[in-house]
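Notes for the structure review
In case you want the letters, here they are:
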Amino acid sequence: MEFLPAWPFSVNTLFFFGFLLFSGALGGYFAHRWRWLPSITGFMVVGFVAGPNVLGVIGEAALAQSRIVVDVALALILYRLGLSIDTKRIKQDRQVLLVSLAESALTFAAVYFGLALVGVSGLTAAVISTIAISSSPAVLIHVAHELDASGPVTERAMLLVALNNVIAFIAFAAVLPALYGEAKAPLAVMVGAPLYQVVGSGALGLAMGGLLHLAARKTKVAEQYQLALVIGAVMMTVGAALAFKLSALFAPLVLGMVVRSMERAKLIASIHFGPAFELFFIVLFVYAGANLHVAEIVDYWPAVLMFLGARAAAKWLGVGGSALLLGATPRQAGSTGLLLLPMAGLAIGLVNTTLSLFPEKGAAIGSIVLAAVALLETIGPPIAVRALRWSGDQLNDQAAERASRTAPTAPSNQAPTAAPPRLQPPAAPEA
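Numbering of residues starts from 1 in each chain and follows the order in which that chain's sequence is written. The model is predicted, so local features are restricted to residues of pLDDT at least 70 and side-chain atom pairs to those at 80 or more, both for listing and for counting; the totals for chains, interfaces and linings are taken over all residues. Based on all heavy atoms of the structure, the side-chain values leave hydrogens and waters out of the count.

Some remarks on the overall build of the protein chain
Test applied: Helix and strand definitions here come from DSSP, where helices need a minimum of 4 consecutive H or I residues and strands a minimum of 2 consecutive E residues; each element is numbered from the N-terminal end. Areas reported here follow the Shrake-Rupley algorithm with a probe of radius 1.4 Å; residue values treat only the protein chains shown as occluding.
For the protein chain, the helix and strand inventory stands at 19 helices and 0 strands. Carbon and sulfur atoms provide 69% of the accessible area of the protein chain, an area that totals close to 18500 Å².

Take a look at the structure:
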């Protein structure tokens, strides 16, 4: 009987989860030695060096094995982002919704026509343009908590990022029938598949949100179980989405929206995740660093540069111009637009969906979008830090100074505040 391990050594998901955490923590520590460098950059550098591009410690097979861990991390981050959307408040204050719609339309148009100038047109450009609407919640949440930022710009940016992801998913689903038609799929598939994705994912998030809200109400006297309820609900949502071939990213976002909208007295919308929540950020960004696609950036550099320039200009001008028209100060308007530049989780998920359904079309889409994601996730965190410092929002200077010298601190556990601020802030800074 063979009792020794096989060679070469076969590692498993648990080992790589531990490796992502261990190496990422070290990367974050060294990043904190420089005041201007966010810990996210340290996480990504470690992942890049350990990944297939440099040392190869984390190979392609290992990245595939650890995908479920990353899905859970993204789902928890999107759930927290969904908590920033209070539908009752949006009905009362529609300014932010108008800003988001205007900026999203401008982003789609700028990227679509910009790509046409470098030879990428038609459905390929349309799909890429819908993905370009999305923004990364992880960068904003992590940097804001690292600086302990609070105020109208931070809160408005949280809401706009959440709305960006909702609009991007719906716009992507709207383009899917054309892709199915090009692939000569039956009419039932052309109409039914996108509808199933949007309605099914939304219904799943709604059902799990109602279940979580009910469970939290029934067990509110035992607060020690609330964190387990939340994490369990998010993981069940991801698992059910995978089982039913729904979106494992959109459903958790809807879950957070439902919980925030259903609660009258705060039970779990402001729950404390504790220092353990930092683990999910570390895993996500080390994984992102290992997944950097250097070859794709080189191969598609004209389209990638056009994508980056058109999208950045549209986000900044769209949010900034709309906010100025609606009464925000120039500093608030400009810094809010900069906070929407990073792009990651939902974009990667939509690319993977395209690749699985339309491999030939998805190859070019994935190459351009993933190359852009790699660059945006690298330059996005420093830009977010500068934007928050420039915004005029309240920052905890002691926390920022401590973050520049010490190991990563856990993000604040208070969920985004319920009420999205109006574009004209009160005279005193919001807590």
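The structure having been displayed, the exposition proceeds.
With respect to the pattern of salt bridges
Keep this limit in mind: Note on definitions: salt bridges are taken to be side-chain nitrogens of Lys or Arg within 4 Å of carboxyl oxygens of Asp or Glu. Categorising residues by exposure relies on relative accessible area from a 1.4 Å probe, with only protein chains included: less than 20% of the type maximum marks a residue as buried, more than 50% marks it as exposed, and the intermediate range marks it as partly exposed.
Tallying each qualifying case throughout the model produces 1 salt bridge. A salt bridge links E103 to K315, with the shortest nitrogen-to-oxygen separation between them at 2.7 Å. With E103 in helix α6 (residues 95–117) and K315 in helix α15 (residues 301–325), this residue pair connects regions lying 212 residues apart in the sequence. The exposure class assigned to E103 is buried, which follows from its relative accessible area of 0%. A relative accessible area of 0% places K315 in the buried class.

A short note on helix α12 (residues 250–262)
Condition: To estimate the expected span of a helix, count its residues, drop one, and scale the result by 1.5 Å.
Taking 1.5 Å as the rise per residue, α12 with 13 residues should run 18 Å; its terminal C-alpha atoms sit 18 Å apart, in good agreement. Where burial is concerned, most of α12 is hidden: 12 out of the 13 residues are buried. All of the buried residues in α12 are F250, A251, P252, L253, V254, L255, G256, M257, V258, V259, R260 and S261.

Re the nonpolar core
Keep this limit in mind: The definition of a nonpolar core used throughout is a set of buried Ala, Val, Leu, Ile, Met, Phe, Trp, Tyr and Cys residues joined through side-chain atoms within 4.5 Å. Any two residues having at least one pair of non-hydrogen atoms within 4.5 Å are treated as being in contact.
I128, I131, F285, F307 and V369 are the most contacted members of the largest nonpolar core, which totals 102 residues. Every residue in contact with F285, bar those within four places of it in the chain, is listed here: I40, F43, M44, A138, V139 and E377. By size, the runner-up hydrophobic cluster in this structure holds 19 residues, among which are L76, L83, V230 and L246.

Some words on the packing of aromatic side chains
One pair of aromatic rings is described through two measures. These are the centre distance and the angle between the planes. What counts is decided by this rule: Two aromatic rings from Phe, Tyr or Trp, using only the six-membered ring of Trp, form a pair when their centres are within 6.5 Å; if the ring planes differ by under 30 degrees the pair is stacked, by over 60 it is edge-to-face, and anything between is tilted.
Inspection of the entire model under this criterion finds 5 aromatic pairs. The interplanar angle of 90 degrees and the centroid separation of 5.4 Å between the aromatic rings of Y112 and F113 together place this pair among those described as edge-to-face. Assessed through its relative accessible area of 57%, F113 is described here as exposed. For the pair Y180 and F358, a centre-to-centre distance of 5.1 Å together with 70 degrees between the ring planes defines the contact as edge-to-face. Here the residue Y180 occupies a position in helix α9 (residues 152–182), and F358 occupies one in the loop between α17 (345–357) and α18 (359–391), the gap between them amounting to 178 residues. Given the relative accessible area of 8%, F358 is considered buried. The structure contains a cluster of three or more aromatic residues connected by ring pairs, namely F108, Y112 and F113.

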